[in-house]
Amino acid sequence: MTTVVNVHEATDSPFALSHLDSLESEAVHIFREVAGEFERPVILFSGGKDSIVMLHLALKAFAPAPVPFTLLHVDTGHNFPEVIEYRDRVVAQHGLRLHVASVQEYIDAGKLRERPDGTRNPLQTVPLTEAIQQHRFDAVFGGGRRDEEKARAKERVFSLRDEFSQWDPRRQRPELWQLYNGRHAPGEHVRVFPLSNWTELDVWQYIQREKIELPEIYFAHEREVFARNGMWLTAGEWGGPKETETVETRLIRYRTVGDMSCTGAVDSDATTLDAVIAEIAASRLTERGATRADDKMSEAAMEDRKREGYF
């Protein structure tokens, strides 16, 4: 005898998970899988919203025990002061250990050279890969999401990197039924993306539900900015503005946070979580497509950097 299941009855079950609960459950499962499979995992933590949500999920996954991972931040030296202050405060609050790989130190040592455009985002790859090798991290958590950019849409949750930290799309492994393969040879490591299936809107709705504190830079505020390549950039020691670029005070906020030289702001009057969520729901541009100059260098900019070892 065939049993017919009413779909509406199934989804209305008191035991059914909500959309955000399902995403949270998947991420918690991923954190626990890594803790069980790997010896020296690390979480990339910059103080940006995705890494903040990722840390919040890690804290939930192992509570009341402490998070069994250290944190790593690749500091370009051109970060927003508000974000660095938030990073250090959260690390101290939870008693976490933070490794900082400094791009400036690599420049001072002659291992890297400043770019003519002043941006240091592409310079993060060498400090990142050398920090992974130095500390022998075998699993590295990143906050990348598939909705951000087409190269990131190709990533598996567990993304194998070779001994040079390079990514080869042809070596991606199937991940059926949330079964993750962490097998890797000596010298290799796995990049892990617990937020792969989240969208920018999911992240903000989760921040609202969980009452997660963020740097104020994510909400509308008055700031001195100047226009370049269709974006509002913050003036700084990195090389902006030029003589032909005019600084003006505008009401803006940041959708994503990275190097000041390539992270643009958007005009916004969204000062609350409700307003930010409404703004994102109405947007037709991804956060990186709208505000990250480093992704506009070429059609394959992100994929080229991923092949070299970038996230």
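- As recorded by an unreviewed UniProt entry, the protein chain carries the name Sulfate adenylyltransferase subunit 2 and is attributed to Streptomyces lateritius.
- What the UniProt record of the protein chain gives under Sequence similarities (unreviewed entry) is the line "Belongs to the PAPS reductase family. CysD subfamily."

## Thoughts on the environment of serine 102
Point 1. If you trace the backbone, serine 102 turns up in strand β3 (residues 98-102).
Point 2. Between the alpha carbons of serine 102 and leucine 128 there is a distance of 9.1 Å; along the sequence they are 26 residues apart.
Point 3. Polar side-chain contacts of serine 102 include one of 3.3 Å to the backbone nitrogen of glutamine 104.
Point 4. Among the polar contacts made by the side chain of serine 102, one reaches the main-chain amide nitrogen of glutamate 105 at a distance of 3.1 Å.

## Here we look at the nonpolar core
Side chains of nonpolar character tend, in soluble globular proteins, to be buried together.
Point 1. In this structure, Phe31, Ile43, Val53, Phe141, Phe158 and Trp204 are the most contacted members of the largest nonpolar core, which totals 61 residues.
Point 2. Examining the composition of this core, we find that 8 residues originate from one element, helix α3 (residues 49-62), more than from any other.

## Observations regarding the sheet that holds strand β8 (residues 231-234)
Point 1. Here 4 strands make up an open sheet; going across it, the order is β8-β7-β9-β10 and the pairing antiparallel. For this open sheet the edge positions go to β8 and β10 (266-267), each flanked by a neighbour on one side alone.
Point 2. Strand direction decides the pairing type here: strand β9 (residues 248-253) and β10, joined by 2 bridges, are antiparallel. Looking across to β10, one finds that arginine 253 is bridged to valine 266.

## Section: the sheet that holds strand β4 (residues 139-141)
Point 1. Ordered in space as β3-β2-β1-β4-β6-β5, the 6 strands form an open sheet in which the pairing is mixed. Each end of this open sheet is capped by a strand with a single partner; those strands are β3 and β5 (158-161). Averaged over all pairs of adjacent strands, the angle between their axes in this sheet comes to 30°, without regard to strand direction.
Point 2. The sheet contact formed by strand β2 (residues 70-75) and β3 spans 5 bridges and is parallel.

## Regarding unusual backbone geometry
Point 1. Alanine 63 connects to proline 64 through a cis peptide bond whose omega is 5°.
Point 2. Positionally, proline 64 belongs in the loop between α3 and β2.
Point 3. Look at serine 165: it is not a glycine, yet its phi comes out positive at around 65°.
Point 4. Structurally, the position occupied by serine 165 is in the loop between β5 and β6 (189-192).

## Quick notes on helix α4 (residues 81-93)
Given 3.6 residues to a turn, an α-helix orients residues that are three or four positions apart in the same direction.
Point 1. In this model, α4 (13 residues) spans 18 Å end to end at C-alpha, consistent with the 18 Å of a helix rising 1.5 Å per residue.
Point 2. Within the span of α4, buried status applies to Val83, Ile84, Tyr86, Arg87, Val90 and Val91. Buried residues in α4, looked at end-on, bunch into an arc of 160°, giving them a common side. Facing away from the buried side of α4 by over 90 degrees, the exposed positions are Pro81, Ala92 and Gln93.
Point 3. Residues of α4 that are buried in the fold lie against α3, β2 and β3.

Basis of the calculations
- Residues numbered from 1 in each chain as written.
- Predicted model: local features only at pLDDT ≥ 70, side-chain atom pairs only at ≥ 80, totals over all residues.
- Heavy atoms only, no water.
- UniProt positions renumbered as here; feature names shortened; annotations may be inferred.
- Helix = DSSP H or I, 4+ residues; strand = E, 2+ residues; numbered from the N terminus.
- Polar contact = N/O pair within 3.5 Å; in protein donor to acceptor, adjacent residues only side chain to side chain.
- Core = buried A, V, L, I, M, F, W, Y, C linked by side-chain atoms within 4.5 Å.
- Buried < 20%, exposed > 50% of the residue type's maximum accessible area, 1.4 Å probe, protein only.
- Pairing = 2+ DSSP bridges.
- Axes fitted to C-alpha atoms, helices over the stretch in contact; angles between N-to-C directions.
- Expected span 1.5 Å × (residues − 1).
- Arc of directions from axis to C-beta.
- Contact = heavy atoms within 4.5 Å.

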